[in-house]
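A look at the structure
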Amino acid sequence: MNFILLGAPGAGKGTLAQRLVSVFGLVQISTGDILRKEISAGTDLGKKAKSYMDSGALVPDEVILGIVENRIKEKDCEKGFIMDGFPRTIIQAEGFDSMLERNGLSIDAIVELSISDDEVVRRLTSRRTCSNTSCQAIYNVISSPPEKNGICDKCGSPLIQRSDENEETVRNRLVTYYDKTSPLVRFYSGSSRYLKIDASGTIDSIFSDVVSKTGLK
Ligand code: AMP
């Protein structure tokens with residue numbers, strides 16, 4: 001099954017995707033994670049992306065579309081993929097439609113995680129992410145802290161607060177979301193594959209809602 005996860009930053013797309021990966025063996029494609037890996041590897045792409053990311057703006061569409069097309073062609077995506085944080089603009093969504101067609105692929109479910117702005121700010125400013133780029137586990141110091149303060153339960157690496165998860169950047173990311181990404185709700189909502197999920201609850205309730213409504217087995 002191939003999914004698109006839509007929703008504001010902090011709605012829980014990454015956490016839901018990680019759960020779908022571990023339970024159903026799907027592949028998570030997070031354009032944000034791919035860009036952060038490029039930044040830590042110091043590549044030209046990473047250098048270009050960092051300035052956009054640190055201000056809460058979007059990386060240019062053509063850069064993102066190139067990254068995604070390379071990724072969905074990889075063998076592991078045959079198991080089914082979850083797009084986490086992509087598409088983020090109408091241009092990306094249109095480009096993705098043609099890309100899927102070119103590659104003989106289709107999307108089975110588009111899941112919108114819906115959440116209030118205040119909850120986004122609360123969640124993101126208390127979020128911590130594993131610094132190990134091949135782990136990227138997500139914690140929350142209030143609602144799901146690690147067993148040992150500041151250390152990843154899964155791989156033992158230090159946890160960090162992402163540079164774009166301070167309140168000012170989070171507010172900018174929300175402005176960007178309403179401006180550029182929320183029009184995608186209208187773009188996709190006419191589809192029979194579209195599903196809106198209340199994301200204010202726990203990850204367990206969000207996960208079971210998605211599983212029952214998509215019929216994922
Ligand atoms: P995320 O981890 O998905 O919240 O993404 C973090 C940042 O990476 C965003 O604020 C953007 O600057 C950039 N980014 C990630 N995915 C995209 C995308 N699909 N289009 C443009 N920029 C993106």
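Residues numbered from 1 in each chain as written. Predicted model: local features only at pLDDT ≥ 70, side-chain atom pairs only at ≥ 80, totals over all residues. Heavy atoms only, no water.

**Overview of unusual backbone geometry**
Applied cut-off: A run of H or I in DSSP becomes a helix once it reaches four residues, and a run of E becomes a strand once it reaches two; helices and strands are each numbered from the N terminus.
Omega for the peptide link from F86 to P87 comes to -5°, which places this bond in the cis form. Positioned with a positive phi, Q136 is a non-glycine residue whose angle comes to about 60°. Checked against the element boundaries, Q136 lands in the loop between strand 5 (127-130) and strand 6 (138-140).

**A look at the packing of helix 2 (residues 31-40) against helix 4 (residues 61-72)**
Put simply, the test is: For helices, the axis comes from a line fit to the C-alpha atoms of the stretch in contact; other axes are also lines fit to C-alpha atoms, and the angle between any two N-to-C directions lies between 0 and 180 degrees. In this scheme, roughly parallel covers angles under 35 degrees and roughly antiparallel covers those over 145, while 65 to 115 is roughly perpendicular and the rest are oblique. Any two residues having at least one pair of non-hydrogen atoms within 4.5 Å are treated as being in contact. Under the scheme applied, nonpolar residues are Ala, Val, Leu, Ile, Met, Phe, Trp, Tyr, Cys and Pro; charged residues are Asp, Glu, Lys and Arg; polar residues are all the others, including Gly.
Taken N-terminus to C-terminus, the directions of helix 2 and helix 4 make an angle of 100°; their axes are 11 Å apart at the nearest point. One way to sum up the angle between helix 2 and helix 4 is to call them roughly perpendicular. Of the residues in helix 4, those in contact with T31, I34 and L35 of helix 2 are I64, I67, V68 and R71. For the contact of helix 2 with helix 4, a count of residues per class yields five nonpolar, one polar and one charged.

**Things to note about helix 2**
The cut-off we apply is this: Throughout, exposure labels follow a simple rule: accessible area from a 1.4 Å probe, protein chains only, divided by the maximum for the residue type, with under 20% read as buried, over 50% as exposed, and the rest as partly exposed.
Buried residues of helix 2: T31, G32, D33, L35 and R36, and no others. Buried residues belonging to helix 2 abut strand 2 (27-30), helix 3 (44-55), helix 4 and strand 3 (81-84). Looking one or two residues past helix 2, G42 carries a phi angle of roughly 70°, positive in sign.

**Observations concerning the sheet that holds strand 5**
Defined as follows: Two strands pair if DSSP finds at least two bridges between them.
With antiparallel pairing, the three strands of this open sheet are ordered in space as 6-5-7. Each edge of the sheet is formed by a strand with only one pairing partner; in this case those strands are strand 6 and strand 7 (159-160). As paired elements, strand 5 and strand 7 share two bridges and run antiparallel to each other. By the bridge assignment for strand 7, T129 is matched with I160.

**Overview of empty space enclosed by the protein**
To keep it simple, the criterion reads: The way it works is a 1 Å grid over only the protein atoms, where trapped points that fit a 1.4 Å probe form a cavity and open points with protein on both sides within 12 Å along at least five of seven lines form a pocket, and then any residue with an atom within 4 Å of a point lines it. Grid points are joined across faces, edges and corners, and a volume is the space filled by probe spheres set on the points.
For the coordinates displayed, the defined rule picks out one cavity of 30 Å³ or more. The computed volume of the largest cavity comes to approximately 640 Å³. For the largest cavity, the lining is made up of 38 residues, of which G32, G85, R88, R162 and R173 are closest to its centre. Elements that contribute at least two residues to the lining of the largest cavity include exactly strand 1 (3-6), helix 1 (13-24), strand 2, helix 2, strand 5 and helix 7 (167-181).

**Details of the environment of P183**
Relative to the elements of secondary structure, P183 occurs in helix 8 (residues 183-189). Sequence-wise, P183 and G85 are 98 residues apart; in three dimensions their C-alpha atoms are separated by 14 Å. When residues no more than four places from it in sequence are discounted, the contact partners of P183 are I90 and Y178.

**A word on the layout of surface pockets**
Of the volumes computed, that of the largest pocket is approximately 1100 Å³. What lines the largest pocket is a set of 44 residues, and nearest its centre among them are T15, Q18, Q136, A137 and I138. Those elements that provide at least two residues to the lining of the largest pocket are helix 1, strand 2, helix 2, helix 6 (117-125), strand 6 and helix 9 (203-214). Looking at the lining of the largest pocket, the element that brings in the most residues is helix 1, giving five residues. Considered class by class, the residues forming the lining of the largest pocket number 14 nonpolar, 17 polar and 13 charged. Reported here for the second largest pocket is a volume of approximately 310 Å³. The wall of the second largest pocket is formed by 17 residues, among which R36, I39, I160, R162 and S163 lie closest to the centre. Only helix 2, helix 3 and strand 5 provide two or more residues apiece to the lining of the second largest pocket.

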